[in-house]
Amino acid sequence: TLDVITFGESMGLFYPEGPRGIGQGGSMAQSFGGAESNLAIGLARLGCTAGWFGRLGRDPVGSGILKTLRGEGVDVSRATQTDEAPTGIMLRQTVRGQSSVYYYRKDSAASRMTPAHVDSEYITQAKIVHFTGITAALSGSCLDTIRHVVSLCKEHGVRISFDPNLRLKLWSIEEARPVLLELAASCDYFLPGYDECKLLFETEDEGVITEQLRKLPGMSIIKSFNGSNVIVHKEHKYSLPFEKVDQVVDTVGAGDGFCAGFLAGISKGWSPEEALSLGGLTGSMVIQAPGDWEALPTWDEVLQRRGQAAHVER
Ligand code: KDG
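Residues numbered from 1 in each chain as written. Predicted model: local features only at pLDDT ≥ 70, side-chain atom pairs only at ≥ 80, totals over all residues. Heavy atoms only, no water.

A.B. asks: How would you explain the overall build of the chain if you had to name every residue and give the values?
C.D. replies: Looking only at helices and strands, the chain has 11 helices and 14 strands in total. Here the C-alpha atoms of the chain give a radius of gyration of 19 Å, agreeing with the 20 Å that 2.2 N^0.38 yields for 314 residues. In terms of overall dimensions, the chain has a C-alpha envelope of 55 × 50 × 40 Å along the principal axes. Out of the 314 residues in the chain, the part that is buried amounts to 53%. Of all intrachain contacts in the chain linking residues separated by at least 6 positions in sequence, the fraction that spans at least 24 positions is 68%. Of the roughly 13,900 Å² of accessible surface on the chain, a fraction of 49% belongs to carbon and sulfur atoms. Separation of charge centres in the chain, based on 30 positive and 38 negative side chains, amounts to 2 Å. (Helix = DSSP H or I, 4+ residues; strand = E, 2+ residues; numbered from the N terminus. Rg over C-alpha atoms; globule rule 2.2 N^0.38 Å. Buried < 20%, exposed > 50% of the residue type's maximum accessible area, 1.4 Å probe, protein only. Contact = heavy atoms within 4.5 Å. Areas by Shrake-Rupley, 256 points an atom, 1.4 Å probe, with all protein chains shown as cover. Lys, Arg positive; Asp, Glu negative; His and termini not counted. Charge placed at Lys NZ, Arg CZ, Asp CG, Glu CD.)

Right under this line is the structure:
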């Protein structure tokens, strides 16, 4: 059995190496991104067993992604490469402190995933299955795939974790809202950011948002609820202030890092409150260095940060 299985789209990521923006000459650095594979790497580094699957093109970008995931200890035995379409790409630039992403992922290999690409025996042996709203936005067949996975998990008693990861470059809030609310109502762990809650529930009112979250059957774990991370489950509400961070370098991937820490805690059998504290710590560590997943901490680094292990410099 695996602790967590996740699936979705991973893409090649290219960004200017120096201060110049895209299209202004100079060289690009390469990496990759994808909310679900970021999470799988985070879990593996924390000592959990994690699987990621999705469709990639049979191209060097796709092969490079698989190779890195394998090296990180993520099980990619159900990931596939296809000649049908290429691996998606994204470009990112940070100009005057503001970062922007440009997607080249329409009709990508990942967007052509269908329920037939899901190995049900594989899925149902996991403790937790995690997916995001990004996959729901990619195509009708990707959304069908999520719904298929949800029914498999329900049938076999596998816990479901869902991060809405609203990406307004992929769909409008009007298109996204009913789908994300449907998925929020079908999961055990709903992991939105507070800003996403405002858009989903069409209100800035904290009391109304909390009321809406209380109505959900599962537990909500909200990132960045006015300076804290918060759990809302029926009448229970628990909030934990953010970890102190010396310097924020790059906030991309913080949400995935948070989810990785939270789900790692849950997989280790901790209480949701303890898992929340690990999520807060891992999320805060991601933003102190560049990259979507590169700064995700290992379990040893977590212990060092908590003062439970010594750092030997040399
Ligand atoms: O959560 C970070 C992700 O946004 C990034 O790695 C890429 O999945 C991604 C996306 O669709 O933007």
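A.B. asks: Explain the sheet that holds strand S11 (residues 189-190) to me, using residue names and the numbers behind them.
C.D. replies: The strand order S4-S1-S9-S10-S11-S12-S13-S14 describes an open sheet built from 8 strands, whose pairing is mixed. Looking at strand neighbours, the two that pair on one side only are strand S4 (50-53) and strand S14 (236-241), the edges of this open sheet. Here S11 runs beside strand S12 (residues 219-225); their pairing, made up of 2 bridges, is parallel. Along S12, the bridge assignment pairs Phe190 with Ser220. Where helix H7 (residues 194-201) meets the sheet, it contacts strand S10 (159-163), S11 and S12, and its direction lies at approximately 115° from that of S12. Across the sheet, helix H9 (residues 254-267) touches strand S1 (4-7), strand S9 (128-132), S10, S11, S12 and strand S13 (228-233), and the angle it forms with S12 is around 140°. (Pairing = 2+ DSSP bridges. Axes fitted to C-alpha atoms, helices over the stretch in contact; angles between N-to-C directions.)

Limitation: the analysis is restricted to geometry and does not speak to function.
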